[in-house]
Amino acid sequence: KIEIGKRIEAADLLGQVGDPRLEGDPRVERDNWVTIPAGSFPMGAQKKSKKGLNYDLEAYDSESPVHEVALRRFRIGRFPVTVQEFGVFLADGGYSARKHWLADGYGKFSAPENWEGQRKYPNRPVVGVSWFEAAAYCSWAGGRLPTEAEWERAARGPEGSRYPWGNDPPLDPSCANYEGIAHPTPVGLFPKGNTKEGLSDLLGNVWEWCGDWFRSYEKSRQENPAGPGEGNTKVVRGGSWINFPQGVRVSYRGRSGPSFRSVDVGFRCAGGQV
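Residues numbered from 1 in each chain as written. Predicted model: local features only at pLDDT ≥ 70, side-chain atom pairs only at ≥ 80, totals over all residues. Heavy atoms only, no water.

Observations concerning the pattern of salt bridges
Now for step 1: Applying the stated criterion across every chain, the model contains 22 salt bridges.
Now for step 2: We note a salt bridge from Arg237 to Glu148, for which the minimum N-O separation is 2.9 Å. Taken together, the residues Arg237 in strand β7 (residues 234–237) and Glu148 in helix α5 (residues 148–156) connect sequence positions 89 residues apart.
Now for step 3: Residue classification places Arg237 among the buried residues on the basis of a relative accessible area of 0%.
Now for step 4: Looking at Glu148, the relative accessible area reads 4%, which means it is buried.
Now for step 5: Between Arg221 and Glu223 there is a salt bridge whose closest N-O contact spans 2.9 Å.
Now for step 6: A relative accessible area of 45% places Arg221 in the partly exposed class.
Now for step 7: The class for Glu223 is exposed, based on a relative accessible area of 56%. (Salt bridge = Lys/Arg side-chain N within 4 Å of Asp/Glu carboxyl O. Helix = DSSP H or I, 4+ residues; strand = E, 2+ residues; numbered from the N terminus. Buried < 20%, exposed > 50% of the residue type's maximum accessible area, 1.4 Å probe, protein only.)

The structure is reproduced here in structure tokens:
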């Protein structure tokens, strides 16, 4: 068993010499997409009834009520978007390509925060990007940000688990990067935390922007929900390297203004009809 610090060091070195998982243009089809079949699942969590769906003693009110969601088939990135991949977008003039940007975001930014510092770690998730930058990258790459419902379905896996790896909480640091490691880690470093469908880093490491404006849940069944047409804050999911264990659950919801940038907020892309 290799100590986590040594594993991070080795993975960072791989990124610096050339991580084969990230080779090539992110716009070209690679093995870094996972297809999620169409289906329904109970979204959210509640702590009022132990016999009810998605009972979770740690659930917040914003995670309720639990409601059924039906989704079309979609695909989602195996990993959060990395510094290396974002660098291709930057080098290709992504910040000046107006067609990829919503009007409110175009021209506000020219690179992620601390970009030169981030470039030293190519296979870590890119951070310091606003919702606008994340959405523009996804458009450039031929995709979009996942909806909140898609993100939760992907994180729960085909069996609707409380965590990507199952129903047992992360009692040790082998499943996710949270509360202990003081920075993002190279993608895919915690395989015990993968979903059965092969998705990595859905909990911990970095918060991930979703496409939706934040709103309270409704009890009624929903089909392919994409959130309201307007709002003040966008959804972020998954928790990060800063978070406490209660925030590292698939139903936990966060939100920030679309221009917000932070050292622990990144994103992954999705594709297919909403």
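Let's talk about the sheet that holds strand β5 (residues 207–213)
Now for step 1: Sheet architecture is open: four strands sit in the order β8-β7-β5-β9, paired in mixed fashion. A single partner strand is all that each edge strand has here, and the edge strands are β8 (253–256) and β9 (265–266).
Now for step 2: Pairing analysis gives four bridges linking β7 to β8, with the strands arranged antiparallel. Directly across from Val236, in β8, lies its bridge partner Gly254. (Pairing = 2+ DSSP bridges.)

Looking at the environment of Phe86
Now for step 1: With respect to the secondary-structure elements, Phe86 resides in helix α2 (residues 83–91).
Now for step 2: Separated by 52 residues in the primary sequence, Phe86 and Cys138 have C-alpha atoms spaced 9.9 Å apart.
Now for step 3: Non-local contacts of Phe86, meaning those with residues more than four positions away in its chain, are made with Val81, Tyr95, Pro112, Trp115, Val126, Val129, Glu133, Tyr137 and Phe267. (Contact = heavy atoms within 4.5 Å.)

Quick notes on the nonpolar core
Now for step 1: Counting residues in each nonpolar core, the largest one holds 28 residues, and the members touching the most others are Phe86, Phe89, Val126, Tyr137, Leu145, Trp209 and Phe267.
Now for step 2: Those elements giving two or more residues to this core turn out to be α2, α4 (131–140) and β5.
Now for step 3: A total of eight residues in this core trace back to one element, the largest contributor, which is α4.
Now for step 4: Apart from the residues lying within four places of it in its own chain, the contact partners of Phe89 are Gly94, Tyr95, Trp101, Ala136, Tyr137 and Trp140.
Now for step 5: Ala155, Tyr163, Leu203 and Val248 belong to the second largest nonpolar core, which has 27 residues in total. (Core = buried A, V, L, I, M, F, W, Y, C linked by side-chain atoms within 4.5 Å.)

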